[in-house]
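# Residue-level structure breakdown
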Amino acid sequence: MGTALGFLAVYVFFAIMGGPVFIGAPGWSSWLNIAAEVGIIALPVGLLMIAGEFDLSVGSVVPAASMTTAMLAGHYDFPALVAIFGGLAVGLGVGFVNGVIVTRSAIPSLIVTIGVMFAVMGLTLGIAVMIKGSTSVSYVPAPLAKAMLGQFINGMFNVAIFWWLGFVALAYFVLHMSPLGNWIFALGGDRESARNAGIPTRKLTIGMFMASGFCAAFVGVAQVMTYQQAQVAGGQAFIFNSIMCVVIGGVLLTGGAGSILGIFLGTITFAVVNQGVFFAALDPNIGSIIVGALLLVAVLSNDTFRRLAAQASRTAK
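Residues numbered from 1 in each chain as written. Predicted model: local features only at pLDDT ≥ 70, side-chain atom pairs only at ≥ 80, totals over all residues. Heavy atoms only, no water.

## Some details on the overall build of the chain
Of the regular secondary structure elements, the chain holds 14 helices and 4 strands. Here the chain has a C-alpha radius of gyration of 20 Å; the compact-globule value for 317 residues is 20 Å, and the two agree. Summarising its shape, the C-alpha atoms of the chain cover approximately 65 × 55 × 30 Å along the three principal directions. Considering the chain as a whole, with its 317 residues, one finds that 49% of them fall into the buried category. Pairs at least 24 apart in sequence give 78% of the contacts found in the chain among residues at least 6 apart. Carbon and sulfur atoms form 72% of the exposed surface of the chain, whose accessible area is close to 14,300 Å². The positive charge centre, built from 11 side chains, and the negative charge centre, built from 8, are 9 Å apart in the chain. (Helix = DSSP H or I, 4+ residues; strand = E, 2+ residues; numbered from the N terminus. Rg over C-alpha atoms; globule rule 2.2 N^0.38 Å. Buried < 20%, exposed > 50% of the residue type's maximum accessible area, 1.4 Å probe, protein only. Contact = heavy atoms within 4.5 Å. Areas by Shrake-Rupley, 256 points an atom, 1.4 Å probe, with all protein chains shown as cover. Lys, Arg positive; Asp, Glu negative; His and termini not counted. Charge placed at Lys NZ, Arg CZ, Asp CG, Glu CD.)

Encoded structure:
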(Lines give C-alpha, C1' and ligand atoms only; values in the text may rest on other atoms or scores of the structure.)
Protein backbone atom coordinates (compact mmCIF):
# COMPACT_ATOMS: atom_id res chain seq x y z
CA MET A 1 0.00 0.00 0.00
CA GLY A 2 2.79 2.39 0.87
CA THR A 3 4.52 1.67 -2.44
CA ALA A 4 1.30 2.15 -4.42
CA LEU A 5 0.68 5.53 -2.78
CA GLY A 6 4.30 6.51 -3.40
CA PHE A 7 4.03 5.60 -7.09
CA LEU A 8 0.82 7.63 -7.52
CA ALA A 9 2.36 10.66 -5.80
CA VAL A 10 5.55 10.49 -7.87
CA TYR A 11 3.71 9.95 -11.17
CA VAL A 12 1.27 12.83 -10.57
CA PHE A 13 4.18 15.12 -9.64
CA PHE A 14 6.15 14.39 -12.80
CA ALA A 15 3.01 14.37 -14.96
CA ILE A 16 2.43 17.97 -13.87
CA MET A 17 6.09 18.97 -14.21
CA GLY A 18 6.76 17.04 -17.42
CA GLY A 19 3.57 17.94 -19.22
CA PRO A 20 1.91 16.12 -22.14
CA VAL A 21 5.18 14.61 -23.38
CA PHE A 22 5.74 12.72 -20.14
CA ILE A 23 2.20 11.32 -19.95
CA GLY A 24 2.30 10.38 -23.63
CA ALA A 25 4.05 7.53 -25.44
CA PRO A 26 7.55 9.11 -25.25
CA GLY A 27 7.34 9.38 -21.47
CA TRP A 28 5.85 5.95 -20.93
CA SER A 29 8.37 4.26 -23.22
CA SER A 30 11.23 6.05 -21.48
CA TRP A 31 10.48 4.87 -17.96
CA LEU A 32 9.13 1.47 -19.00
CA ASN A 33 12.38 0.70 -20.85
CA ILE A 34 14.34 1.55 -17.69
CA ALA A 35 11.92 -0.42 -15.51
CA ALA A 36 12.23 -3.50 -17.72
CA GLU A 37 16.01 -3.74 -17.41
CA VAL A 38 16.29 -3.11 -13.69
CA GLY A 39 13.03 -4.94 -12.99
CA ILE A 40 14.20 -8.27 -14.43
CA ILE A 41 17.14 -8.19 -12.02
CA ALA A 42 15.14 -6.81 -9.08
CA LEU A 43 12.78 -9.80 -9.04
CA PRO A 44 15.30 -12.52 -8.06
CA VAL A 45 17.21 -10.03 -5.91
CA GLY A 46 13.93 -9.43 -4.07
CA LEU A 47 13.31 -13.15 -3.62
CA LEU A 48 16.78 -13.53 -2.14
CA MET A 49 16.19 -10.61 0.22
CA ILE A 50 12.89 -12.14 1.34
CA ALA A 51 14.92 -15.28 2.08
CA GLY A 52 17.40 -13.21 4.09
CA GLU A 53 20.20 -13.15 1.48
CA PHE A 54 21.87 -10.51 -0.71
CA ASP A 55 23.36 -10.72 -4.21
CA LEU A 56 25.64 -7.86 -5.23
CA SER A 57 27.37 -9.87 -7.96
CA VAL A 58 24.63 -8.97 -10.47
CA GLY A 59 26.61 -5.83 -11.31
CA SER A 60 29.44 -7.96 -12.70
CA VAL A 61 27.28 -10.66 -14.30
CA VAL A 62 25.58 -8.18 -16.66
CA PRO A 63 28.82 -7.12 -18.44
CA ALA A 64 30.28 -10.64 -18.20
CA ALA A 65 27.27 -12.10 -20.02
CA SER A 66 27.31 -9.23 -22.52
CA MET A 67 31.00 -9.74 -23.30
CA THR A 68 30.59 -13.53 -23.54
CA THR A 69 27.71 -13.23 -26.00
CA ALA A 70 29.46 -10.59 -28.11
CA MET A 71 32.74 -12.54 -28.08
CA LEU A 72 31.16 -15.84 -29.13
CA ALA A 73 29.01 -14.35 -31.88
CA GLY A 74 30.98 -11.29 -32.93
CA HIS A 75 34.57 -12.52 -32.57
CA TYR A 76 34.34 -16.30 -33.00
CA ASP A 77 31.31 -16.26 -35.37
CA PHE A 78 29.25 -18.77 -33.42
CA PRO A 79 25.49 -18.82 -34.16
CA ALA A 80 23.46 -16.29 -32.16
CA LEU A 81 21.65 -19.05 -30.24
CA VAL A 82 24.95 -20.57 -29.07
CA ALA A 83 26.23 -17.13 -28.04
CA ILE A 84 23.03 -16.39 -26.10
CA PHE A 85 23.21 -19.71 -24.27
CA GLY A 86 26.86 -18.99 -23.51
CA GLY A 87 25.99 -15.64 -21.95
CA LEU A 88 23.17 -17.14 -19.89
CA ALA A 89 25.46 -19.97 -18.76
CA VAL A 90 27.84 -17.40 -17.29
CA GLY A 91 25.04 -16.08 -15.06
CA LEU A 92 24.00 -19.55 -13.97
CA GLY A 93 27.62 -20.44 -13.19
CA VAL A 94 28.22 -17.34 -11.09
CA GLY A 95 24.94 -17.91 -9.24
CA PHE A 96 25.89 -21.52 -8.55
CA VAL A 97 29.27 -20.45 -7.12
CA ASN A 98 27.57 -17.85 -4.93
CA GLY A 99 25.04 -20.35 -3.63
CA VAL A 100 27.57 -23.07 -2.89
CA ILE A 101 29.91 -20.74 -1.00
CA VAL A 102 27.04 -19.22 1.01
CA THR A 103 25.56 -22.60 1.95
CA ARG A 104 28.88 -24.34 2.63
CA SER A 105 30.44 -21.62 4.76
CA ALA A 106 29.48 -19.24 7.55
CA ILE A 107 30.33 -16.18 5.44
CA PRO A 108 27.39 -13.79 4.96
CA SER A 109 26.05 -13.62 1.41
CA LEU A 110 26.77 -9.89 1.29
CA ILE A 111 30.51 -10.55 1.66
CA VAL A 112 30.50 -13.59 -0.62
CA THR A 113 28.79 -11.80 -3.49
CA ILE A 114 31.02 -8.74 -3.16
CA GLY A 115 34.07 -11.01 -3.46
CA VAL A 116 32.58 -12.89 -6.41
CA MET A 117 31.63 -9.59 -8.04
CA PHE A 118 35.22 -8.31 -8.05
CA ALA A 119 36.51 -11.70 -9.19
CA VAL A 120 34.10 -11.78 -12.15
CA MET A 121 34.90 -8.16 -13.02
CA GLY A 122 38.62 -8.96 -13.07
CA LEU A 123 38.12 -12.10 -15.16
CA THR A 124 35.89 -10.28 -17.65
CA LEU A 125 38.40 -7.47 -18.10
CA GLY A 126 41.40 -9.80 -18.32
CA ILE A 127 39.82 -12.19 -20.83
CA ALA A 128 38.49 -9.34 -22.98
CA VAL A 129 41.89 -7.66 -23.20
CA MET A 130 43.66 -10.98 -23.80
CA ILE A 131 41.36 -12.10 -26.63
CA LYS A 132 40.16 -8.86 -28.17
CA GLY A 133 42.74 -6.36 -26.95
CA SER A 134 39.93 -4.01 -25.97
CA THR A 135 37.37 -3.43 -23.21
CA SER A 136 34.47 -3.35 -25.68
CA VAL A 137 33.22 -5.70 -28.37
CA SER A 138 30.81 -4.85 -31.20
CA TYR A 139 28.28 -7.29 -32.57
CA VAL A 140 25.50 -6.92 -35.12
CA PRO A 141 22.86 -9.51 -34.16
CA ALA A 142 20.86 -11.61 -36.59
CA PRO A 143 17.37 -10.25 -37.38
CA LEU A 144 15.57 -12.92 -35.33
CA ALA A 145 17.79 -12.42 -32.28
CA LYS A 146 17.35 -8.67 -32.60
CA ALA A 147 13.58 -8.99 -32.86
CA MET A 148 13.35 -11.30 -29.85
CA LEU A 149 15.65 -9.47 -27.44
CA GLY A 150 16.57 -6.00 -28.70
CA GLN A 151 13.82 -4.62 -30.92
CA PHE A 152 12.10 -1.28 -30.29
CA ILE A 153 8.38 -1.42 -31.06
CA ASN A 154 7.32 1.74 -32.92
CA GLY A 155 10.85 2.95 -32.31
CA MET A 156 10.12 3.54 -28.61
CA PHE A 157 9.07 0.50 -26.55
CA ASN A 158 11.81 -2.08 -26.04
CA VAL A 159 10.68 -5.70 -26.38
CA ALA A 160 12.38 -6.31 -23.02
CA ILE A 161 9.23 -4.83 -21.44
CA PHE A 162 7.29 -7.96 -22.41
CA TRP A 163 10.06 -10.22 -21.12
CA TRP A 164 9.93 -8.31 -17.81
CA LEU A 165 6.18 -8.79 -17.51
CA GLY A 166 6.68 -12.50 -18.17
CA PHE A 167 9.31 -12.69 -15.43
CA VAL A 168 6.92 -10.84 -13.09
CA ALA A 169 4.18 -13.40 -13.75
CA LEU A 170 6.61 -16.29 -13.17
CA ALA A 171 7.97 -14.77 -9.95
CA TYR A 172 4.42 -14.11 -8.71
CA PHE A 173 3.51 -17.75 -9.27
CA VAL A 174 6.65 -18.97 -7.49
CA LEU A 175 6.31 -16.73 -4.44
CA HIS A 176 2.57 -16.50 -3.97
CA MET A 177 1.03 -19.60 -5.58
CA SER A 178 3.55 -22.44 -5.25
CA PRO A 179 4.98 -24.27 -2.22
CA LEU A 180 8.37 -22.69 -3.02
CA GLY A 181 6.95 -19.36 -1.89
CA ASN A 182 6.23 -20.66 1.60
CA TRP A 183 9.73 -22.11 1.73
CA ILE A 184 11.27 -18.76 0.74
CA PHE A 185 9.32 -16.89 3.43
CA ALA A 186 10.23 -19.55 5.99
CA LEU A 187 13.90 -19.26 5.01
CA GLY A 188 13.84 -15.53 5.69
CA GLY A 189 11.90 -15.92 8.91
CA ASP A 190 14.09 -18.54 10.59
CA ARG A 191 16.55 -20.63 8.59
CA GLU A 192 17.12 -23.22 11.33
CA SER A 193 13.40 -23.78 11.85
CA ALA A 194 12.94 -24.08 8.10
CA ARG A 195 15.67 -26.72 7.92
CA ASN A 196 14.18 -28.62 10.87
CA ALA A 197 10.80 -28.54 9.12
CA GLY A 198 12.28 -30.47 6.21
CA ILE A 199 12.75 -27.60 3.76
CA PRO A 200 15.81 -28.19 1.52
CA THR A 201 17.40 -24.87 2.48
CA ARG A 202 20.70 -25.46 0.67
CA LYS A 203 19.14 -26.43 -2.65
CA LEU A 204 16.64 -23.59 -2.39
CA THR A 205 19.34 -21.03 -1.66
CA ILE A 206 21.56 -22.23 -4.51
CA GLY A 207 18.56 -22.20 -6.84
CA MET A 208 17.69 -18.61 -5.96
CA PHE A 209 21.27 -17.44 -6.50
CA MET A 210 21.29 -19.20 -9.87
CA ALA A 211 18.01 -17.47 -10.77
CA SER A 212 19.56 -14.14 -9.83
CA GLY A 213 22.60 -14.83 -11.99
CA PHE A 214 20.40 -15.99 -14.88
CA CYS A 215 18.27 -12.83 -14.81
CA ALA A 216 21.33 -10.57 -14.66
CA ALA A 217 22.84 -12.48 -17.59
CA PHE A 218 19.55 -12.18 -19.50
CA VAL A 219 19.72 -8.40 -19.16
CA GLY A 220 23.34 -8.46 -20.32
CA VAL A 221 22.43 -10.52 -23.40
CA ALA A 222 19.47 -8.24 -24.16
CA GLN A 223 21.72 -5.19 -23.95
CA VAL A 224 24.05 -6.65 -26.58
CA MET A 225 21.11 -7.27 -28.89
CA THR A 226 19.74 -3.79 -28.26
CA TYR A 227 22.86 -1.63 -28.41
CA GLN A 228 25.04 -3.97 -30.52
CA GLN A 229 28.01 -3.52 -28.22
CA ALA A 230 29.30 -4.95 -24.96
CA GLN A 231 31.31 -2.97 -22.40
CA VAL A 232 33.39 -4.36 -19.55
CA ALA A 233 32.45 -1.41 -17.34
CA GLY A 234 28.69 -1.71 -17.83
CA GLY A 235 26.26 -3.00 -15.23
CA GLN A 236 27.48 -1.46 -11.98
CA ALA A 237 24.38 0.71 -11.60
CA PHE A 238 22.18 -2.38 -11.42
CA ILE A 239 23.59 -3.32 -7.99
CA PHE A 240 22.05 -0.52 -5.96
CA ASN A 241 19.21 0.29 -8.39
CA SER A 242 17.78 -3.22 -8.04
CA ILE A 243 18.09 -3.13 -4.25
CA MET A 244 16.39 0.28 -4.16
CA CYS A 245 13.49 -1.04 -6.23
CA VAL A 246 13.12 -3.99 -3.87
CA VAL A 247 13.24 -1.91 -0.69
CA ILE A 248 10.89 0.73 -2.10
CA GLY A 249 8.62 -2.20 -2.90
CA GLY A 250 8.34 -3.12 0.78
CA VAL A 251 10.75 -6.03 1.15
CA LEU A 252 12.36 -6.15 4.58
CA LEU A 253 16.15 -6.01 4.69
CA THR A 254 15.99 -8.57 7.50
CA GLY A 255 14.02 -11.00 5.33
CA GLY A 256 10.75 -12.82 5.83
CA ALA A 257 8.40 -10.25 4.26
CA GLY A 258 7.72 -8.88 0.80
CA SER A 259 5.66 -9.34 -2.35
CA ILE A 260 6.13 -9.43 -6.12
CA LEU A 261 3.48 -6.74 -6.57
CA GLY A 262 5.45 -4.53 -4.21
CA ILE A 263 8.68 -5.13 -6.11
CA PHE A 264 6.86 -4.38 -9.38
CA LEU A 265 5.49 -1.08 -8.03
CA GLY A 266 8.86 -0.21 -6.50
CA THR A 267 10.53 -0.75 -9.87
CA ILE A 268 8.17 1.48 -11.84
CA THR A 269 8.33 4.12 -9.10
CA PHE A 270 12.12 4.19 -9.36
CA ALA A 271 11.92 4.32 -13.17
CA VAL A 272 9.41 7.19 -13.15
CA VAL A 273 11.68 9.25 -10.91
CA ASN A 274 14.75 8.31 -12.95
CA GLN A 275 13.25 9.53 -16.22
CA GLY A 276 10.79 12.12 -14.91
CA VAL A 277 13.65 14.38 -13.86
CA PHE A 278 14.70 14.81 -17.48
CA PHE A 279 11.19 15.43 -18.79
CA ALA A 280 10.65 18.01 -16.04
CA ALA A 281 13.97 19.69 -16.93
CA LEU A 282 15.16 19.46 -13.33
CA ASP A 283 18.73 19.23 -12.11
CA PRO A 284 19.78 15.54 -12.28
CA ASN A 285 20.90 15.83 -8.66
CA ILE A 286 17.26 16.45 -7.76
CA GLY A 287 16.49 12.97 -9.00
CA SER A 288 18.99 11.45 -6.56
CA ILE A 289 17.47 13.47 -3.72
CA ILE A 290 13.96 12.31 -4.64
CA VAL A 291 15.02 8.65 -4.89
CA GLY A 292 16.82 8.88 -1.52
CA ALA A 293 13.84 10.51 0.15
CA LEU A 294 11.49 8.03 -1.48
CA LEU A 295 13.57 5.16 -0.15
CA LEU A 296 13.35 6.45 3.42
CA VAL A 297 9.64 7.27 3.17
CA ALA A 298 8.92 3.85 1.68
CA VAL A 299 10.71 2.05 4.51
CA LEU A 300 8.94 4.11 7.16
CA SER A 301 5.50 3.79 5.55
CA ASN A 302 5.87 0.07 4.94
CA ASP A 303 6.81 -0.45 8.59
CA THR A 304 3.78 1.59 9.61
CA PHE A 305 1.40 -0.40 7.38
CA ARG A 306 2.92 -3.64 8.64
CA ARG A 307 2.35 -2.64 12.29
CA LEU A 308 -1.23 -1.63 11.54
CA ALA A 309 -1.85 -4.96 9.80
CA ALA A 310 -0.38 -6.85 12.76
CA GLN A 311 -2.56 -4.91 15.21
CA ALA A 312 -5.66 -5.57 13.09
CA SER A 313 -4.82 -9.27 12.99
CA ARG A 314 -4.48 -9.46 16.77
CA THR A 315 -7.72 -7.55 17.25
CA ALA A 316 -9.57 -9.90 14.90
CA LYS A 317 -8.37 -12.90 16.92
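## Overview of helix α4 (residues 58-75)
Given a rise of 1.5 Å per residue, 18 residues ought to cover 26 Å, and the 24 Å separating the end C-alpha atoms of α4 matches this to within 8%. Most of α4 sits inside the fold, with 14 of its 18 residues counted as buried. Positive backbone phi, at 60°, marks D77, one or two positions downstream of α4. (Expected span 1.5 Å × (residues − 1).)

## Describing a nonpolar patch on the surface
A cluster of nonpolar side chains, contributed by Y76, F78, V82, L123, I127, M130 and I131, occupies part of the molecular surface with about 680 Å² of accessible area. Here the nonpolar patch gets 4 residues from one element, more than from any other, and that element is helix α6 (residues 109-131). When you line up the elements, Y76 lands in the loop between α4 and α5 (80-104). Look at Y76 and you get partly exposed, because its relative accessible area is 44%. (Patch = residues over 30% accessible without salt bridge, like charges linked within 9 Å, V, L, I, M, F, W, Y side chains within 5 Å. Salt bridge = Lys/Arg side-chain N within 4 Å of Asp/Glu carboxyl O.)

## What about the packing of α4 against helix α11 (residues 201-227)?
Closest axis-to-axis distance for the α4/α11 pair is 7 Å, and the angle between their directions is 50°. Overall, the two elements α4 and α11 adopt an arrangement that is oblique. Once α4 is placed against α11, the crossing between them reads as right-handed. Residue-level contacts link V58, V61, V62, A65, S66, T69 and A70 of α4 to S212, G213, A216, A217, G220, V221, Q223, V224 and M225 of α11. Here the residues of the contact of α4 with α11 sort into 10 nonpolar, 6 polar and no charged. (Axes fitted to C-alpha atoms, helices over the stretch in contact; angles between N-to-C directions. Parallel < 35°, antiparallel > 145°, perpendicular 65-115°, else oblique. Left-handed = near helix turned anticlockwise from the far one by under 90°. Nonpolar A, V, L, I, M, F, W, Y, C, P; charged D, E, K, R; others polar.)

## Looking at the packing of aromatic side chains
Tallied over the entire structure, the rule returns 10 aromatic pairs. Ring geometry for Y11 and W28: centres 6.0 Å apart, planes at 70°, overall edge-to-face. Here W28 lies in helix α3 (residues 25-50) and Y11 lies in helix α1 (residues 2-18), a separation of 17 residues in the sequence. Accessibility expressed as a relative area gives 34% for W28, which makes it partly exposed. Measuring from ring centre to ring centre gives 5.0 Å for F13 and F14, while their planes differ by 80°; the resulting arrangement is edge-to-face. For F13, a relative accessible area of 37% gives the class partly exposed. Taken together, the aromatic side chains of F7, Y11, F13, F14, F22, W28, W31 and F279 make up a single cluster linked through ring pairs. (Phe/Tyr/Trp six-rings, centres within 6.5 Å; stacked < 30°, edge-to-face > 60°.)

## Notes on α1
Helix length check: α1, at 17 residues, gives a terminal C-alpha distance of 24 Å against a target of 24 Å (1.5 Å per residue), a fit within 8%. What α1 keeps buried is the set G2, T3, G6, F7, V10, Y11, F14, A15 and G18. With its phi angle positive at about 80°, G19 sits one or two positions after the end of α1.

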